[in-house]
Amino acid sequence: MDPRTIVAPMTPAGVSAVAAIRVSGPQVRDVVLALFGEKAAGRLEPRRACLGTAHDPKTGETVDSLLYLFFEGPNSYTGEDTLELYPHGNPLIVRELIQAIRKVEGVRLAEPGEFTRRAFLNGKMDLVQAESVADVIHSANRAELKNAHRLLSGALSQKIQELNEQVKDMSARLELDVDFAEEEADPDYDSWRKRIVAIGEKISEILQSFRGKENLSRLPLVVLYGAPNAGKSSLTNALLGEDRILVSNIPGTTRDFVEVRLFLPGGEIRLVDTAGIADQATDSLDALSMEKSKAILKEADLKIHVVDGTVAALPAATSADSASADFTVVSKSDLLESPARQAKDILPVSSKTGEGLAELKRFINDAVFTESRDTEDLWITSERERACLAEAFDGVKRALDLLQNRPAVELLAFEMQLVRRSLQSIVGEISSEDILQSIFAGFCIGK
Ligand SMILES: Nc1nc2c(ncn2[C@@H]2O[C@H](COP(=O)(O)OP(=O)(O)OP(=O)(O)O)[C@@H](O)[C@H]2O)c(=O)[nH]1
Ligand SMILES: [Mg+2]
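Owing to the predicted nature of the structure, the values given are computational and were not obtained by experimental measurement.

## Structural notes on the sheet that holds strand 13 (residues 327–331)
Strand pairing in a sheet is mediated by backbone hydrogen bonds. Such pairs are either parallel or antiparallel.
Phase 1: Strand order in this open sheet of six strands is 10-11-9-12-13-14, and the pairing throughout is mixed. The two strands at the open ends of the sheet, each matched to only one other strand, are strand 10 (258–264) and strand 14 (346–348). Direction aside, the axes of adjacent strands within the sheet are offset by 30 degrees on average.
Phase 2: Relative to strand 13, strand 12 (residues 302–308) is paired through five bridges, and the arrangement is parallel. If you follow D308 over to strand 13, its bridge partner there is S331.

## Points about the nonpolar core
Phase 1: Judged by nonpolar contacts, the single largest core of 66 residues is most densely connected at V7, V31, L83, L97 and M416.
Phase 2: With eight residues, helix 13 (residues 409–427) is the single largest residue contributor to this core.
Phase 3: Formed jointly, this core draws a minimum of three residues from each of two domains, domain 1 (5–125) and domain 2 (128–212 + 380–428).
Phase 4: The residues touching V31, leaving out its near neighbours within four places in the chain, are V23, L83, I101, V104 and V107.
Phase 5: Of all hydrophobic cores here, the second largest spans 25 residues; its members include V222, I277, L297 and V307.

## Concerning the pairing of strand 5 (residues 62–71)
Phase 1: Taken together, the six bridges between strand 4 (residues 50–55) and strand 5 define a ladder with antiparallel strand orientation. Opposite G52, over in strand 5, you have L66 as the bridge partner.
Phase 2: The antiparallel pairing of strand 4 with strand 5 creates a hairpin that spans six residues between the two strands, and G60 there sits at a positive phi of about 80 degrees.
Phase 3: Bridging between strand 5 and strand 6 (residues 82–86) involves five bridges; their strand directions are antiparallel. Bridged to F70 within strand 6 is L83.

Thresholds applied
Residues numbered from 1 in each chain as written. Chains lettered and ligands numbered in written order. Predicted model: local features only at pLDDT ≥ 70, side-chain atom pairs only at ≥ 80, totals over all residues. Pairing = 2+ DSSP bridges. Helix = DSSP H or I, 4+ residues; strand = E, 2+ residues; numbered from the N terminus. Axes fitted to C-alpha atoms, helices over the stretch in contact; angles between N-to-C directions. Core = buried A, V, L, I, M, F, W, Y, C linked by C-beta atoms within 7 Å. Buried ≥ 20, exposed ≤ 12 C-beta atoms within 10 Å, placed from the backbone. Domains from an automatic or database assignment. Contact = placed C-beta atoms within 7 Å.

Here it is, written out as structure tokens:
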């Protein structure tokens, strides 16, 4: 491991109330000395917030007055001495502060994921946990976040370690059998088979829980569609609680689809308001608008048909082309006579009075965040972990094939060794520079 001290911003570039910078490595005390002077360095205590004025070590110029926090290794995120600094969130200050820190001999900019990589190398977490740090940051809904937290807390690592122990125990016994082969009666093939099958089942269970990362940061797409003037834009504004989109009584007000973000209890969604879809386009621009509405509808995870409740004959869904609604709402319920609107499976909503909005949000939430209900599930998201598990599973299959022909115990022992190696690489007991490189290169700077 490169022994140099590393520095990086932890917060994204841009203006904010406060920014955060992290420094980790053997030179952390020197950084405090260079920025805040001898007195401050002498008083430095772990886990005690200090207020100080940072100066550029070369020019002596003031950079900012800020709060900083020292963690003494090994009791820190990386396991090394670590310093966190919280300057004002001005990009200019952040830049100058990082430059000032880099002027200390032996300090360089951190690579993406390098703090977490050091945490792994220093035994603060295993590789499954290190990989889950990225999941915690990128999860787009509660269910994923919960899973990421469980991975980070070691729930999967523990399962893998248990399996590892079983395989290790088995290998040890097999080797014992090899040593005493001459004295023993026939190996007990049947009991070996049972144990290997049980291990294979557990591996396969974890393997099948794989869900991948490509959906991790994808927000569900919910599209509102319907005839012109049905009240789609008004409904979007009402759901959002803001007058974001232009509304008027002229049909065809919305020309292009408009996307807003909505936070629901299960997570964030993309809510799209579309241009009204009529049976006939009034002009070529109108035709283009309708095409765009239909195109976005094709991508929708949930399509909500907005039907104008004040139009005497409710337009059939065909007017919105073949888009079949997942749900239908009747708009402008405040203008309707109550008995007239009691159609089944159709929710009356009013953007004016707010009627039906809470129900609609609940419905959308439950439809797009179905997973948030199965709470005890744990799934893997890493392609690398899946490949290791598949390797382990193949080894189990080979061992079971071998067993059919009453093999030499050595052969069985060899296969189980391979299974064990695959399991060990999941948690990083065995790892290579290449593997670490590919894992941490996908991380953010500062993590
Ligand atoms: N009373 C009442 N009027 C509504 C309600 N929702 C919409 N309206 C009115 O209906 C008209 C059309 O509303 P919009 O939200 O622009 O309809 P739209 O479906 O987006 O229309 P296009 O963009 O043209 O397709 C406006 O005059 C709104 O004020 C409602 O809940 N109650
Ligand atoms: Mg509109």
